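Chain and residue survey
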Amino acid sequence: MSPHVLILGGTTEARELAAALVARGGVRVTSSLAGRVSRPGALAGDVRIGGFGGAEGLADWLREHRVDALVDATHPFAGTITANAARAAEATGVPSLVLRRPGWTSVPGDRWHPVPSLSAAADVLPGLGRRVLLTTGRLGLSAFARLTGVHFVVRSVEAPEPPMPPHTEVLLAKGPFTVDGETALLREHRIDVLVTKDSGGAATAPKLTAARRLALPVVLVTRPATPPGVRVVPDVAGALDLLGLSGS
């Protein structure tokens, strides 16, 4: 019987891994999406939509569907899902790993202000600027709703959910972006501070270069820690190697 690999998440890395496994052949691949994006796009292999019902529900699914390996390739800030996946893997004895792109690294000229949460980001904003480009996704804007003296330009792939700050302008856009385009955006909207999450990857990194160009401060929300003992790989090649499927 072909080994069954469950991949959690619809990130770029998750899609690349699913495609690589399906192309290899002899592996059954199921990708699980949370359902937060209305148009997730095509994925190689089987696809399921929706949650599992916590760690216990995921463990039941692993047993019922005879999963041989679990790959958590969710967004770096999907901390609850990552914790549930680790618990479910431990409960069932299913080998697991986390596929997570590396975070960004500062270079000379950056004016980064690392913070541990969106709420902490809101705390430091009034001392840094009054016109904010907020690129933390469509969820969690309630953390900034108390800031009445700040104008927010919120960029997200889909419309953000209320409650939102009282002075909010929404831009719907999806990367990849360019440095020149990001620089023009910051200038057009007279942005004086950028708020983003340390998602890593090249598609949305140009905003950091643009902020450096314009000497703007960046409030960077740092990633939640991965559960202790979980194996983490930075790319698809590393995941295939740990799965024992890196050969031809």
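The numbering scheme is per chain: residues are counted from 1 as the chain's sequence reads. The predicted origin of the model limits local features to residues at a pLDDT of at least 70 and limits the giving and counting of side-chain atom pairs to 80 or more, whereas totals for whole chains, interfaces and linings rest on all residues. Hydrogens and water molecules were not included; the side-chain quantities draw on all heavy atoms of the structure.

Per an unreviewed UniProt entry, the chain goes by Cobalt-precorrin-6A reductase and derives from Streptomyces griseoviridis. UniProt positions are given in the numbering used here, feature names are shortened, and annotations may be inferred rather than shown by experiment. You can read under Pathway (unreviewed entry) in the UniProt record for the chain the words "Cofactor biosynthesis; adenosylcobalamin biosynthesis."

1. Things to note about the nonpolar core
In these notes, a set of buried Ala, Val, Leu, Ile, Met, Phe, Trp, Tyr and Cys residues joined through side-chain atoms within 4.5 Å is what counts as a nonpolar core. Summary of the burial criterion: residues with accessible area below 20% of their type's maximum are buried, those above 50% are exposed, and those between are partly exposed, where the area comes from a 1.4 Å probe applied to protein chains only. Residues Leu125, Val132, Leu134, Phe144, Phe152 and Val195 are the most contacted members of the largest nonpolar core, which totals 20 residues. Those elements that place two or more of their residues in this core are α4 (118-124), β7 (131-135), β8 (151-156), β10 (193-197) and β11 (218-221). Secondary structure elements are taken from DSSP: a helix is a run of H or I of four residues or more, a strand is a run of E of two residues or more, and numbering for both begins at the N terminus. In terms of residues, this core owes the most to one element, α4, which gives four residues. Two residues qualify as a contact provided that any one of their heavy atoms is within 4.5 Å of a heavy atom in the partner residue. In this view, Phe144 contacts Leu118, Ala121, Ala122, Leu125, Leu134, Phe152, Pro165 and Val195; residues no more than four positions away in its chain are not counted. With 19 residues, the next largest nonpolar core counts Ile7, Leu17, Leu21 and Leu243 among its residues.

2. Remarks on the sheet that holds strand β2 (residues 28-33)
Spatial ordering of the open sheet is given by β3-β2-β1-β4-β5-β12, a layout of six strands whose pairing is parallel. The open sheet has two free edges, formed respectively by β3 (46-49) and β12 (232-233), since each of these has just one partner strand. Axis lines are fitted through C-alpha atoms, for helices just across the contact stretch, and the angle between N-to-C directions can take any value from 0 to 180 degrees. Set on the sheet, helix α1 (residues 12-24) makes contact with β1 (4-8), β2, β4 (69-72) and β5 (96-99); between it and β1 the angle comes to about 165°. Most of the contacts of helix α3 (residues 79-92) go to β4, to which it runs at about 165°, and overall it touches β1, β4 and β5. Should DSSP find at least two bridges between two strands, the strands are taken to pair.

3. Quick notes on the pairing of β7
Burial within β7 is extensive, with five of its five residues counted as buried. Side chains Arg131, Leu133 and Thr135 of β7 all project onto a buried face; the interleaved residues Val132 and Leu134 project onto the opposite face, where all are buried too. Judged from the four bridges that link them, β7 and β8 form a sheet pairing that is parallel. Bridging across to β8, Arg131 finds its partner in His151. The pairing of β7 with β10 spans four bridges and is parallel. Pairing of Val132 across the sheet is with Val193, part of β10.

4. Some words on the sheet that holds β7
Paired through backbone hydrogen bonds, the strands of a sheet run either parallel or antiparallel to each other. With parallel pairing, the six strands of this open sheet are ordered in space as β6-β11-β10-β7-β8-β9. In this open sheet, the two strands that pair with only one neighbour each are β6 (112-115) and β9 (168-172). For this sheet, the mean inter-axis angle between neighbouring strands, taken without regard to orientation, is 20°.

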